[in-house]
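Chains, contacts and geometry: an overview
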Amino acid sequence: MTQQEAARKAGMSLATWRRLEVVDDDREASFRRTTLQAAERVLRVPAGGVAALRAGETVEALGGHQHVNKDWLLTYGKSFKGDPLTPRQAFKLSMSVAGLEDDAFFGLDEYLQGKVSVKELFFVDQLPDWVLFMVNAHWVDCFRNVLVDLGRRLGRGEVPYPRSMVERVALELMFDSAKEGGDVADDMLEADDDVRAALPSFGENDEDWEDAREQLFGGDFDFQMIWLPNFTRMLFGDSRESVSIQLGVDLDSFHPIRWWETDRKLRNK
């Protein structure tokens, strides 16, 4: 594998993977366990294998897949019945953000040190350029925490219905990642018979991401306007009020600083 392929399979930035491979005695990097576990899954080495490799030791590759916490997988199997998510869809969504709580995994360390741009941060790089131009490091870290929280809710067996604009945007990015990638998740699903039994297959429904999105978002995809090429003219232009009336939406709520506000629909319930 190239470094880029390995980083993609591990679900981390290329810069983070390169940091894993570089050993500097004068300035040894530290990584959280979740980052090392992701690399170990990709390299098919036992627990502690990456640390051993960084120390210059020879590590024997595993013949099969690493042990998977089956109790964790059973939560998905018991909690998700295909409406709105199948167990495997919930698992893949959760895996899409696994490890993001680690600064090194996310790339925040390099960003704060000026080594990489905000466009190189995992998941954040999928946001529109105009959003990234307006936000700061605190906003980026808060957005990362929303992604982590959505993953934790899935891990507890909760259906992550979005409660705010920021959760809608974050969940949209998780869907894109889960349906287009997920090599590590697929490998884990095929690890052994017990894992497959814990996350039963729902056939074609496991790949019906559009129906799952429709149900989770309740058909409300207004937030997708932030990716329109001319959206900044709508948001900041002189005709903003007339456009808001015409579209039937509060354009001010699309400003990144206001993404955390609870949806009006929920407040009125």
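Residues numbered from 1 in each chain as written. Predicted model: local features only at pLDDT ≥ 70, side-chain atom pairs only at ≥ 80, totals over all residues. Heavy atoms only, no water.

1. Things to note about the overall build of the chain
Helix and strand content of the chain: 17 helices and zero strands. The buried share among the 269 residues of the chain stands at 44%. Of the contacts made within the chain by residues no fewer than 6 positions apart, 64% connect residues no fewer than 24 positions apart. Of the roughly 14000 Å² of accessible surface on the chain, a fraction of 47% belongs to carbon and sulfur atoms. (Helix = DSSP H or I, 4+ residues; strand = E, 2+ residues; numbered from the N terminus. Buried < 20%, exposed > 50% of the residue type's maximum accessible area, 1.4 Å probe, protein only. Contact = heavy atoms within 4.5 Å. Areas by Shrake-Rupley, 256 points an atom, 1.4 Å probe, with all protein chains shown as cover.)

2. Considerations on a negative patch on the surface
A cluster of acidic residues, Asp-83, Glu-204, Asp-208, Asp-211 and Glu-214, forms a negative patch on the protein surface. Within the secondary structure, Asp-211 sits in helix α14 (residues 209-217). (Patch = residues over 30% accessible without salt bridge, like charges linked within 9 Å, V, L, I, M, F, W, Y side chains within 5 Å. Salt bridge = Lys/Arg side-chain N within 4 Å of Asp/Glu carboxyl O. Lys, Arg positive; Asp, Glu negative; His and termini not counted. Charge placed at Lys NZ, Arg CZ, Asp CG, Glu CD.)

3. Overview of unusual backbone geometry
Negative phi is the rule for most residues except glycine; trans is the rule for most peptide bonds. Geometrically, the link from Asp-83 to Pro-84 is a cis peptide bond, its omega value of 10° lying close to zero. One can find Pro-84 in the loop between α5 (70-79) and α6 (87-96). Although it is not a glycine, Phe-123 adopts a positive phi angle of roughly 75°. Looking at the element boundaries, Phe-123 is found in the loop between α8 (108-112) and α9 (129-134). The exposure class assigned to Phe-123 is buried, which follows from its relative accessible area of 4%.

4. Topic: the packing of helix α1 (residues 3-10) against helix α2 (residues 14-21)
Packing of α1 against α2 brings their axes to within 9 Å, and their N-to-C directions diverge by 110°. The angle between the axes of α1 and α2 places the two elements in the roughly perpendicular class. Packed against α1, whose contacting residues are Gln-3, Gln-4, Ala-6, Ala-7 and Ala-10, the element α2 presents Leu-14, Trp-17, Arg-18 and Glu-21 at the interface. Split into classes, the residues belonging to the contact of α1 with α2 amount to five nonpolar, two polar and two charged. (Axes fitted to C-alpha atoms, helices over the stretch in contact; angles between N-to-C directions. Parallel < 35°, antiparallel > 145°, perpendicular 65-115°, else oblique. Nonpolar A, V, L, I, M, F, W, Y, C, P; charged D, E, K, R; others polar.)

5. Describing the pattern of salt bridges
As enumerated under the stated definition, the model contains 14 salt bridges in all. Close ionic contact of Arg-153 with Asp-149 constitutes a salt bridge, the shortest N to O distance being 3.8 Å. Of this pair, Arg-153 and Asp-149 both sit in helix α10 (residues 137-155), four residues apart, which is roughly one turn of the helix. Across the pair Arg-156 and Glu-158 runs a salt bridge whose closest N-O atoms are separated by 3.0 Å.

6. Some details on a nonpolar patch on the surface
Taken together, the side chains of Met-1, Leu-43 and Leu-53 present a nonpolar region at the surface, about 270 Å² in accessible area. Looking at Met-1, the relative accessible area reads 58%, which means it is exposed.

7. Some points on the side chain of Asp-220
Among the structural elements, Asp-220 can be located in the loop between α14 and α15 (231-236). Within the structure, Asp-220 has its side chain in polar contact with the backbone nitrogen of Asp-222 (distance 3.3 Å). (Polar contact = N/O pair within 3.5 Å; in protein donor to acceptor, adjacent residues only side chain to side chain.)

8. Concerning the environment of Leu-14
One can find Leu-14 in helix α2. Take Leu-14: its relative accessible area is 27%, and that puts it in the partly exposed class.

9. Some remarks on the packing of aromatic side chains
Using the criterion set out here, one finds 14 aromatic pairs in the structure. Where Trp-130 meets Phe-231, the ring centres are 5.7 Å apart and the plane angle is 40°; that geometry is what we call tilted. Taken together, the residues Trp-130 in helix α9 and Phe-231 in helix α15 connect sequence positions 101 residues apart. Given a relative accessible area of 14%, Trp-130 falls into the buried group. Residue class for Phe-231 comes out buried when judged on its relative accessible area of 0%. The interplanar angle of 50° and the centroid separation of 5.5 Å between the aromatic rings of Phe-231 and Phe-254 together place this pair among those described as tilted. Of this pair, Phe-231 sits in helix α15 while Phe-254 sits in the loop between α16 (240-247) and α17 (264-267), placing them 23 residues apart in sequence. No difference in accessibility class separates Phe-231 from Phe-254, as the two residues are buried. Aromatic ring contacts, followed pair by pair, group Phe-175, Trp-209, Phe-217, Phe-221 and Phe-223 into a single cluster. (Phe/Tyr/Trp six-rings, centres within 6.5 Å; stacked < 30°, edge-to-face > 60°.)

10. Topic: α6
Within α6, ten of the ten residues are buried, leaving the element largely enclosed by the surrounding structure. Buried within α6 are the following residues: Pro-87, Arg-88, Gln-89, Ala-90, Phe-91, Lys-92, Leu-93, Ser-94, Met-95 and Ser-96.

11. Looking at the environment of Glu-101
When you line up the elements, Glu-101 lands in the loop between α6 and α7 (103-106). On a C-alpha basis, the gap between Glu-101 and Asn-145 in space is 7.2 Å, while along the polypeptide they are 44 residues apart. For Glu-101, the contacting residues outside a window of four places in its chain are Arg-32, Thr-34, Arg-144, Val-148 and Arg-152.

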